[in-house]
Amino acid sequence: MKIAIIRLSALGDIIQTATVVHFIKKHFASAHISWVCDERFAKILEQIPDIDKIIKIPLKDKKITKTFLTLLANRHKFDYILDFQGLIKSAICAKILGSNSYGFDENSIKENVASKFYKHKIACDYNENVVIRYLTLASKALGFSFEEKEILEKPKIFSSAKYGLEPTTKKKVLIAPFASEYSKCYPHFKFVVHDLIKDTQVYVCYGNKTEYNLALKIIFGSDAVLLPKMDILKMTGVVEEMDLVIGNDSAIPHLAWAQNKPSITLFGNRPSTRNAFVTPINLVADVGKFIDAKHIDKKDFCIKEIDPNLICELARKLLNG
């Protein structure tokens, strides 16, 4: 059985989608799995042993001809083509790869037109939890069933060696204070850092020069450690060493969830019930308002309303077991 998974971007979404690989191999041990993604995000997939092939396409760089030729070279090589992204661009990729494609139906998808490209259309509420959505598509396409308790019992998704941080006797907490959209960024991380540093070792990560300067302000006056800029492979190693990860709705907290590491993910203008699968060690903090995932207001900065004391309280709850 040859299966193509399509999830082109973004990094956090790829990390959450990766759960399906474990379930596919659990039910079909001999399945050959290929993953189609934008080449910018391919590195994280190299850490999943059960993926046999990564098909890298340069869509983010708008290299349309190269993308088309890469997909064409893999045409008609798959028994099942599963599009978990549900956008027109990913649906077109599915169409090029072959005829036996599966995706969400027009009522379960953000870009309704995308569903017209699939041979088989699966219904699942767009506001349903994303992990449940991905497993619903995979299970209905391939003919297996799953229970939510199996998600709680999943193994680590990514293989990674520890990064090699300096030894410490304190519990280690990673703060990931940035996200791709400003409205998703929590503005009170300085309070959280200065409170948790009292009895833990706090680390802060960043991804670019702007974030570096903001991170310096967050840790100023504390003994928190600013990590060097690193790629996702090294960051996976850092997460492996942490006792807790705290961050906005972005790749790093999702990575902690994938690796079965305690985490707290902060939500403002995104629905936490949809975008995070809560477990006893993976918690969320939000503002308690209903958010329709199909109608996101990127000018809504309600994330600032989350009480930083609540975050510190949840952190110590997790750290103390």
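This text follows the structure it describes.
A brief report on the enclosed structure follows.

Calculation criteria
- Residues numbered from 1 in each chain as written.
- Predicted model: local features only at pLDDT ≥ 70, side-chain atom pairs only at ≥ 80, totals over all residues.
- Heavy atoms only, no water.
- Helix = DSSP H or I, 4+ residues; strand = E, 2+ residues; numbered from the N terminus.
- Contact = heavy atoms within 4.5 Å.
- 1 Å grid on protein atoms, 1.4 Å probe; cavity = no way out; pocket = protein on both sides within 12 Å on 5 of 7 lines; lining within 4 Å.
- Points joined across faces, edges and corners; volume = space filled by probe spheres on them.
- Nonpolar A, V, L, I, M, F, W, Y, C, P; charged D, E, K, R; others polar.
- Patch = residues over 30% accessible without salt bridge, like charges linked within 9 Å, V, L, I, M, F, W, Y side chains within 5 Å.
- Areas by Shrake-Rupley, 256 points an atom, 1.4 Å probe, with all protein chains shown as cover.
- Salt bridge = Lys/Arg side-chain N within 4 Å of Asp/Glu carboxyl O.
- Lys, Arg positive; Asp, Glu negative; His and termini not counted.
- Charge placed at Lys NZ, Arg CZ, Asp CG, Glu CD.
- Buried < 20%, exposed > 50% of the residue type's maximum accessible area, 1.4 Å probe, protein only.
- Pairing = 2+ DSSP bridges.
- Axes fitted to C-alpha atoms, helices over the stretch in contact; angles between N-to-C directions.
- Phe/Tyr/Trp six-rings, centres within 6.5 Å; stacked < 30°, edge-to-face > 60°.
- Lys NZ or Arg CZ within 6 Å of the ring centre and 35° of its normal.
- Right-handed = clockwise from strand over helix to strand, strands pointing away.

**A few points about the environment of I15**
Here's step 1: Locating I15 in the fold gives a position in helix α1 (residues 11–17).
Here's step 2: Sequence spacing of I15 and K2 is 13 residues, and the spatial spacing of their C-alpha atoms is 21 Å.
Here's step 3: When residues no more than four places from it in sequence are discounted, the contact partners of I15 are I44, F158, A251, H254, L255 and A258.

**What to know about the layout of surface pockets**
Here's step 1: Taken as a whole, the second largest pocket holds about 400 Å³ of empty space.
Here's step 2: At the level of elements, α8 (189–196) and α9 (209–219) are the ones that each hand at least two residues to the lining of the second largest pocket.
Here's step 3: Ranked by residue count, the leading element in the lining of the second largest pocket is α9, at five residues.
Here's step 4: Per-class residue counts for the lining of the second largest pocket are 12 nonpolar, three polar and four charged.

**Considerations on a positive patch on the surface**
Here's step 1: Residues R75, K95, K116 and K121 make up a contiguous surface patch of positive charge.
Here's step 2: Along the polypeptide, K121 turns up in strand β6 (residues 120–122).
Here's step 3: Judged by relative accessible area, K121 falls into the partly exposed class, the value being 42%.

**Considering the sheet that holds strand β2 (residues 32–38)**
Here's step 1: Here six strands make up an open sheet; going across it, the order is β3-β2-β1-β4-β5-β6 and the pairing parallel. Every interior strand has two partners, whereas the edge strands, β3 (53–57) and β6, have only one. Along the sheet, successive strands turn relative to each other by an average axial angle of 20°, direction set aside.
Here's step 2: With two bridges joining them, strand β4 (residues 80–83) and strand β5 (residues 101–104) adopt parallel strand pairing. Across the sheet, the residue bridging to L82 is Y102, located in β5.

**So, empty space enclosed by the protein**
To find the voids left in a structure, one rolls a probe of water-molecule size over its atoms.
Here's step 1: As enumerated under the stated definition, the model contains one cavity of 30 Å³ or more in all.
Here's step 2: In this structure, the largest cavity spans a volume of roughly 90 Å³.
Here's step 3: As for the largest cavity, its lining consists of 13 residues, and the residues nearest its centre are H254, W257, T265, A276 and F277.
Here's step 4: Secondary structure elements with two or more residues in the lining of the largest cavity: α11 (251–258), β11 (263–266) and β12 (282–285).

**Focus on helix α2 (residues 19–27)**
Here's step 1: Taken together, the buried positions of α2 are occupied by T19, V20, V21, F23, I24 and K25.
Here's step 2: Buried residues along α2 sit against β1 (2–6), α1, β2, α6 (130–142), α7 (148–152) and α11.

**Description of the pattern of salt bridges**
Here's step 1: In this structure the tally under the stated criterion is 13 salt bridges.
Here's step 2: Two residues, R40 and D61, come together in a salt bridge whose shortest N-O distance is 2.6 Å. Placement of the pair is R40 in the loop between β2 and α3 (42–45) and D61 in the loop between β3 and α4 (64–72), with a sequence separation of 21 residues.
Here's step 3: Residue R40 is classed as exposed on the basis of its relative accessible area of 52%.
Here's step 4: Residue classification places D61 among the partly exposed residues on the basis of a relative accessible area of 33%.
Here's step 5: The closest approach of N and O atoms between D199 and R316, which form a salt bridge, is 3.1 Å. Separated by 117 residues along the polypeptide, D199 in the loop between α8 and β8 (200–204) and R316 in helix α13 (residues 308–319) bring together distant segments of the chain.
Here's step 6: Its relative accessible area of 24% is what places R316 among the partly exposed residues.

**Structural notes on the sheet that holds strand β7 (residues 171–176)**
Here's step 1: The six strands lie next to each other as β9-β8-β7-β10-β11-β12, forming an open sheet whose pairing is parallel. Strands at the two margins of the open sheet, each flanked by one partner only, are β9 (225–226) and β12.

**Quick notes on the packing of aromatic side chains**
Here's step 1: Tallying each qualifying case throughout the model produces eight aromatic pairs.
Here's step 2: Directly above the aromatic system of F104 lies the positively charged group of R133, at a separation of 4.0 Å from the ring centroid.
Here's step 3: The ring centre of W257 lies 4.4 Å from the NZ or CZ of K154, which sits over that ring.

**Describing the pairing of β4**
Here's step 1: Bridge count for β1 against β4 is four bridges, and the pairing is parallel. Paired with I6 across the bridge in β4 is D83.
Here's step 2: This β-α-β element, β4 to helix α5 (residues 88–97) to β5, shows right-handed connectivity.

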